[in-house]
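Each chain, letter by letter, is given below.
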Number of protein chains: 2
Amino acid sequence: MTAPSLVEKLVMHTDSRICLVVLDGLGDIRAASNKYRTPLEAAKTPNLDALARQAAMGRMLPVDFGVTPGSGPAHLGLFGYDPREVEIGRGVLEASGMDMIMEKGDVAARANFCTMKGDTIVDRRAGRPPTERTIEMCRLLEKSIPTIEDVKVIIKPGLGHRFVVLLRGPGLVEGVTDTDPHHEGEPIAQSKPERPEAAKTARIVNAFWRKALDVLKGKEPTNGLLMRGISSRPNIADLKERFRLDAAAIATYPMYRGLASLVGMTLLDTGKTPSEEFETYLANYDKYHYFFIHIKGTDEAGEDGSFERKVSVIEQFDAALPVLLRKQPAALAVTGDHSTPCPMKLHSWHPVPLLLVGPNCGADLKPRFTEAECNSGSLGIFESRHLMALLLANAGKLDKFGA
Amino acid sequence: MTAPSLVEKLVMHTDSRICLVVLDGLGDIRAASNKYRTPLEAAKTPNLDALARQAAMGRMLPVDFGVTPGSGPAHLGLFGYDPREVEIGRGVLEASGMDMIMEKGDVAARANFCTMKGDTIVDRRAGRPPTERTIEMCRLLEKSIPTIEDVKVIIKPGLGHRFVVLLRGPGLVEGVTDTDPHHEGEPIAQSKPERPEAAKTARIVNAFWRKALDVLKGKEPTNGLLMRGISSRPNIADLKERFRLDAAAIATYPMYRGLASLVGMTLLDTGKTPSEEFETYLANYDKYHYFFIHIKGTDEAGEDGSFERKVSVIEQFDAALPVLLRKQPAALAVTGDHSTPCPMKLHSWHPVPLLLVGPNCGADLKPRFTEAECNSGSLGIFESRHLMALLLANAGKLDKFGA
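What counts, and at which threshold
Along each chain, residue indices are assigned from 1 in the same order as the chain's sequence is written. For this description, chains carry letters from A and ligands carry numbers from 1, given in the order in which they are written. Given that this is a predicted model, residues contribute local features only at a pLDDT of at least 70 and side-chain atom pairs are listed and counted only at 80 or more, while totals for whole chains, interfaces and linings are drawn from all residues. Side-chain metrics in this entry use all non-hydrogen atoms of the structure; hydrogen atoms and water are not considered. Helical segments are the DSSP runs of H or I of at least four residues, strand segments are the runs of E of at least two, and each set is numbered from the N terminus. Each radius of gyration reported is based on C-alpha atoms, and the globular scaling rule is 2.2 Å times the count of residues to the power 0.38. Residue exposure (1.4 Å probe, protein chains only): buried if accessible area is under 20% of the type maximum, exposed if over 50%, otherwise partly exposed. Any two residues having at least one pair of non-hydrogen atoms within 4.5 Å are treated as being in contact. Under the convention used here, a 1.4 Å probe and the Shrake-Rupley method define accessible areas, while residue burial counts only the protein chains that appear. His is not counted, nor are the chain ends, whereas Lys and Arg count as positive and Asp and Glu as negative. Where a charge lies is defined by one atom per residue type, namely NZ (Lys), CZ (Arg), CG (Asp) and CD (Glu). What we call a nonpolar core is a set of buried Ala, Val, Leu, Ile, Met, Phe, Trp, Tyr and Cys residues that are connected through their side-chain atoms within 4.5 Å. Buried area is understood as the total, over both parts, of accessible area removed when two parts are fitted together, assessed with a 1.4 Å probe. When a carboxyl oxygen of Asp or Glu is within 4 Å of a side-chain nitrogen of Lys or Arg, the pair counts as a salt bridge. Any pair of nitrogen or oxygen atoms within 3.5 Å is treated as a polar contact; in protein, a donor-acceptor pairing is required on top of that, and neighbouring residues in sequence qualify only through side-chain atoms on both sides. By the convention adopted, Pro, Cys, Tyr, Trp, Phe, Met, Ile, Leu, Val and Ala count as nonpolar, Lys, Arg, Asp and Glu as charged, and the other residues, Gly among them, as polar. Any residue with an atom within 4 Å of a point lines the site, the site being either a cavity, points on a 1 Å grid over the protein atoms alone where a 1.4 Å probe fits but cannot get out, or a pocket, an open set with protein on both sides within 12 Å along at least 5 of 7 lines. Grid points are joined across faces, edges and corners, and a volume is the space filled by probe spheres set on the points. Any pair of Phe, Tyr and Trp rings, taking the six-membered ring for Trp, is counted once the centres come within 6.5 Å. Such a pair is stacked with planes under 30 degrees apart, edge-to-face with planes over 60 apart, and tilted for the rest. Our definition puts a charge over a ring when NZ of Lys or CZ of Arg is within 6 Å of the ring centre and also within 35 degrees of the ring normal. Copy-to-copy superposition: least squares on the C-alpha atoms, limited to residues that have pLDDT of at least 70 in both copies. Pairing between strands requires that DSSP locate at least two bridges from one strand to the other. A helix's residues, less one, multiplied by 1.5 Å, set its expected span. Directions drawn from the helix axis to the C-beta atoms are what define this arc. Every angle, taken between N-to-C directions, lies between 0 and 180 degrees, and every axis is a line fitted to C-alpha atoms, over only the stretch in contact when it is a helix. The predictor's confidence in any single residue is recorded as pLDDT, a number from 0 to 100.

A. Representation of the overall build of chain A in the model. Within chain A, the regular secondary structure consists of 14 helices and 14 strands. Taking 2.2 N^0.38 as the reference for a compact globule, 403 residues should give roughly 22 Å; the C-alpha atoms of chain A span a radius of gyration of 23 Å, in line with that estimate. Projected onto the principal axes, the alpha-carbon positions of chain A cover approximately 70 × 55 × 40 Å. Within chain A, the fraction of its 403 residues that count as buried is 60%. The contacts of chain A with a sequence gap of at least 6 include a subset with a gap of at least 24, amounting to 74%. Carbon together with sulfur atoms contributes 51% to the accessible area of chain A, which is approximately 15,800 Å² in total. Averaging the coordinates of the 50 positive side-chain charges in chain A and doing the same for the 51 negative ones gives two points 1 Å apart.

If you want it as structure tokens, here you go:
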């Protein structure tokens, strides 16, 4: 636990609402291939334009200059965490990505089936079995090994040969080595504790795979399993503890729901379109003080390099915006978690455009919400981990500092 | 004492002059209530406009994103201190605000008269006596208790029931508890040391209020006193030590004079209007290398929500500007300590506009000095604690770093 930041010391609980809308991968770049227009510039967005005139605008660096973030760090920044300081283990990310809610003290591993010959791994991916086979094997494992000592074993199948093993019980911590030797022709590795406190975790992990080998005996090609990235939920204070916020997440993709749950948000059931997500926001407006609404389509279009589709997702968002605005929070931000420029077909380091609106935001009077207009907005260019303080301030939730 | 910063290591003494003009609470926001114009935008400022064309412009965060500062932290930032690291106790602020110059080692307490019945506090504010009564009682106390052990007692009356007790003598440090129990129906509390070094301070504080009770016996309703926020001058290196600057302050309000004295500025006698303050600057130009000129009216207008008055103070400042410019320093900054937007009637977190002019500032060629023009200036948006380095650099007082 680090000492509370100045903002955490100043934060007050009030009845005002904050809403953060994240269009995943929203930011883009002008290039010859898109005729030097970004999707935000090309899209017809009458509702967003009207909002822009009332808003304060700026751009945010997801992590730092030149750093291209994955979805984990990018969202942690938006939620007010320093993404350089909070590390999310691969097992936890995988579990979060599969909608498994991790409790404090849980340990999760990325797992996959492999093929053994005697004690030797002969195919690390078990010949890439169909997902149905993995589902069947996972059911068998969970039924056969419900617990080890006082630890509950929870197994969830993923795609192909992949699955997640989640261990829940007292005394489990991360800091153990993989059982995957990362080479074929070797036996499964013993998990070893990297520090004394992790001895129990290593013992449970090793007991699990030994029992699993018995269960999987004769089930070629899925007669073995490997575990990697064995990790525990990061020990971070949640949004309630840090900012006195009862927070809710409206997201359709498992990974973003998982990330939201890691910082203490309640996950709301929702339809998949922006309009349906906004209806979920309206229906829950009275119950929470902070809403995170995630829209995935912009990122997928960017990764596919589909300029037209990214424009179309933005226009679909714009058309749904009046639904959201039926309940205007004290502070509303529209932004991206990172840029996914169509010309690159990848996440990138480019700062994301930010629009922030509220009664005291100060209107920049910009005609549109685009990357270029944001460059000269009153919010400047800053790291996204500071967005939370701006939202809290605009919502009247920060006390004055000093006399 | 922290290690010297890079800027402190590079600083050189030269004969050039720096002038920092602070229009208190200058920054504002566009809102429906002001027809989307800030006072700087609405004011007629021909002299400032002419200066703007030659200037480098930008915006400054007084403390950090979203943080609304009081005057203390806001000015410490402008003077080159990190306001998150320098804490000014309530007693020191109160003493500074009443124009009491605190020396190193002094300890000050916010004090007020109360009404006692036997050993019990029956009215924590002594029925809010008129100021005249407090003046009379303070004179009586100071005459009756000039010293305790080797400690001099200095007392200054404030408004209503309030006054300040300043203790001057060897071995005094902050870190003692209040004598105010913060509830009626209780006796006066013993001040307790929170660390061993503060034992003498607690002893003197307790001896003072016991003697004072004897002096005030029979003087109902002002027959008792309470002390809070017992604190010492912050242990910070002054502007001379850090930046080799002989600094002078031209300010009319006690609090700003107090803050200036805390960082080692000489307080100059001055008339109250901007024009008179600028005449004071001209008269002292040869004697100091750094001038802090404080203009209060903008903040008061903002706190009253009086758009017209804020415009008028800015226009009055603009009309006086030619007086200031009779002696052009190597680096001149015009800015605010924080924003006090008229629509909010409060200090706020919004970045303040900054104009910096000097022979080598680089002209942004902006037509006017407004918040919006500053958004796209060459100085960007940065924390005000960095302003000192920019002023020193423009004044040719910073050596090259490295070869």
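B. Local environment of the nonpolar core. In this structure, L239, M265, Y290, L324, L355 and F369 of chain A are the most contacted members of the largest nonpolar core, which totals 106 residues. Counting residues per element, this core draws most heavily on helix α12 (residues 307-324) of chain A, which supplies nine residues. Counting 90 residues, the second largest nonpolar core, distinct from the first, contains C19, L26, V313 and V323 of chain B.

C. Spatial organisation of the interface of chain A and chain B. At the junction of the two partners, chain A supplies 27 residues and chain B supplies 27 residues. Together chain A and chain B conceal approximately 2,100 Å² of surface at their shared face, both sides included; 64% is due to carbon and sulfur atoms. When the buried surface of chain A facing chain B is broken down by residue, N360, F401 and A403 of chain A rank first, second and third, together holding 29% of it. Connecting chain A to chain B are zero salt bridges. The interface formed by chain A and chain B includes six residue pairs in polar contact (both at pLDDT 80 or more). Going through the elements one at a time, α1 (6-10), β14 (380-383) and α14 (387-394) of chain A are the ones with two or more residues in the side of chain A that touches chain B. Per element, the largest residue contribution to the side of chain A that touches chain B is four residues, and it comes from α14 of chain A. Classifying every residue of the side of chain A that touches chain B by side-chain character gives 14 nonpolar, ten polar and three charged.

D. Layout of empty space enclosed by the protein. Across all of its chains, the model carries four cavities of 30 Å³ or more by this definition. As a volume, the largest cavity reaches approximately 250 Å³. Elements with a minimum of two residues in the lining of the largest cavity: α14 of chain A together with β2 (56-61) and α13 (371-375) of chain B. Grouping the amino acids of the lining of the largest cavity by side-chain chemistry returns 13 nonpolar, seven polar and six charged.

E. Spatial organisation of the packing of aromatic side chains. Residue and element names in this part refer to chain A. Here the structure, examined in full by the defined rule, presents 15 aromatic pairs over all chains. An angle of 5 degrees between the planes, with centres 6.3 Å apart, marks the rings of Y285 and F291 as stacked. Both residues of the pair, Y285 and F291, belong to the buried class. In this structure, K296 is placed above the aromatic ring of Y253, and the distance from its NZ or CZ to the ring centre is 5.6 Å.

F. Here's a closer look at the relation of the copies chain A and chain B. Superposition record for chain A on chain B: RMSD 0.2 Å, screw rotation 125 degrees, translation along axis 0.1 Å. Overall, the copies show the geometry of a three-fold rotation axis. Taking the C-alpha atom as reference, chain A places S376 of chain A closest to the rotation axis, 3.0 Å from it. Counting the interface residues of chain A, we find that no more than 4% of their copies in chain B are interface residues as well, pointing to two distinct contact surfaces.

G. Main features of the pairing of strand β1 (residues 18-23) of chain B. Residue and element names in this part refer to chain B. The buried count for β1 comes to six of six residues, which makes it a mostly enclosed element. Residues of β1 alternate between two faces, with I18, L20 and V22 on one and C19, V21 and L23 on the opposite face, all of them buried. Both β1 and strand β11 (residues 290-295) contribute to a ladder of six bridges, which runs parallel. Across the sheet, the residue bridging to V21 is I293, located in β11. With five bridges joining them, β1 and strand β12 (residues 331-335) adopt parallel strand pairing. Bridged to C19 within β12 is L332.

H. Highlighting α12 of chain A. In a regular helix each residue adds 1.5 Å, so 18 residues correspond to 26 Å; α12 of chain A covers 25 Å between its end C-alpha atoms and thus fits that length. Those residues of α12 of chain A that fall on the buried side of the exposure criterion are F307, K310, V311, V313, I314, F317, D318, A320, L321, V323 and L324 of chain A.

I. Seen up close, helix α6 (residues 131-144) of chain B. Residue and element names in this part refer to chain B. Taking 1.5 Å of rise per residue, the 14 residues of α6 would be expected to cover 20 Å, and the 20 Å separating its terminal C-alpha atoms lies within 8% of that figure. Along α6, the residues classified as buried are T134, M137, C138 and L141. Down the axis of α6, the smallest arc covering the buried residues is 105 degrees, so these residues share one side. More than 90 degrees from the buried face of α6, the exposed residues found are E132, R139 and K143.

J. Up close: the sheet that holds strand β10 (residues 266-267) of chain A. Residues and elements named next belong to chain A. Taken in spatial order, the eight strands make up an open sheet running β10-β9-β11-β1-β12-β13-β2-β14, and their pairing is mixed. Lying at the two open borders of the sheet, with one neighbouring strand each, are β10 and β14. Pairing geometry for strand β9 (residues 247-250) and β10, over two bridges, is parallel. When the bridges of β10 are listed, A249 appears paired with L267. Across the sheet, helix α10 (residues 274-284) lies against β1 (18-23), β9 and β11 (290-295), angled at about 170 degrees from β11, the strand it touches most.

K. Seen up close, the environment of E276 of chain B. Residues and elements named next belong to chain B. Of note, E276 is situated in helix α10 (residues 274-284). Overall, E276 belongs to the partly exposed group, its relative accessible area being 37%. Between the alpha carbons of E276 and A320 there is a distance of 8.7 Å; along the sequence they are 44 residues apart. Ignoring anything within four residues of it in the chain, the contact list for E276 reads T270 and G271.

L. Layout of the sheet that holds strand β13 (residues 352-357) of chain B. Residues and elements named next belong to chain B. Overall, mixed pairing links the eight strands, which are arranged β10-β9-β11-β1-β12-β13-β2-β14 in an open sheet. Looking at which strands have only one partner, the edges of the open sheet turn out to be β10 (266-267) and β14 (380-383). By the bridge criterion, four bridges tie β12 to β13 in an arrangement that is antiparallel. Each residue of the ladder has a partner; that of V334, found in β13, is L355. Lying over the sheet, helix α14 (residues 387-394) contacts β1, β2, β11, β12, β13 and β14, oriented at roughly 15 degrees with respect to β13.

M. Spotlight on the side chain of H161 of chain B. Residue and element names in this part refer to chain B. Among the structural elements, H161 can be located in the loop between β6 (151-157) and β7 (162-168). Overall, the relative accessible area of 5% leaves H161 in the buried class. Apart from the residues lying within four places of it in its own chain, the contact partners of H161 are A111, N112, F113, R125, R128, P129 and T134.

N. Geometry of the environment of R162 of chain B. All names here are of chain B. Inspection of the secondary structure assignment puts R162 in strand β7. Taking the C-alpha atoms as reference points, R162 and P129, 33 residues apart in sequence, are found 9.4 Å from one another. Leave out the neighbours within four places in its chain, and R162 touches E94, A111, N112, R128, T134 and P157.

O. Seen up close, the confidence of the model for chain A. Looking at chain A as a whole, the pLDDT averages 95, with 100% of positions reaching at least 70. Our summary of model confidence lists the complex with pTM equal to 0.87 and ipTM equal to 0.86.

P. Main features of the pattern of salt bridges. Summed over the entire model, instances satisfying the criterion amount to 46 salt bridges over all chains. Salt-bridge contacts for D304 of chain A lead to R309 of chain A; the nearest nitrogen and oxygen are separated by 2.6 Å. Classification of D304 of chain A by relative accessible area gives partly exposed; the value is 48%. Residues R368 of chain B and D49 of chain B are paired through a salt bridge, measuring 3.1 Å at the closest nitrogen-oxygen approach. With R368 of chain B in the loop between β13 and α13 and D49 of chain B in helix α3 (residues 46-54), this residue pair connects regions lying 319 residues apart in the sequence. Each member of the salt-bridge network shares a partner with another, and the members are D64, D82, R84, E383 and R385 of chain A.

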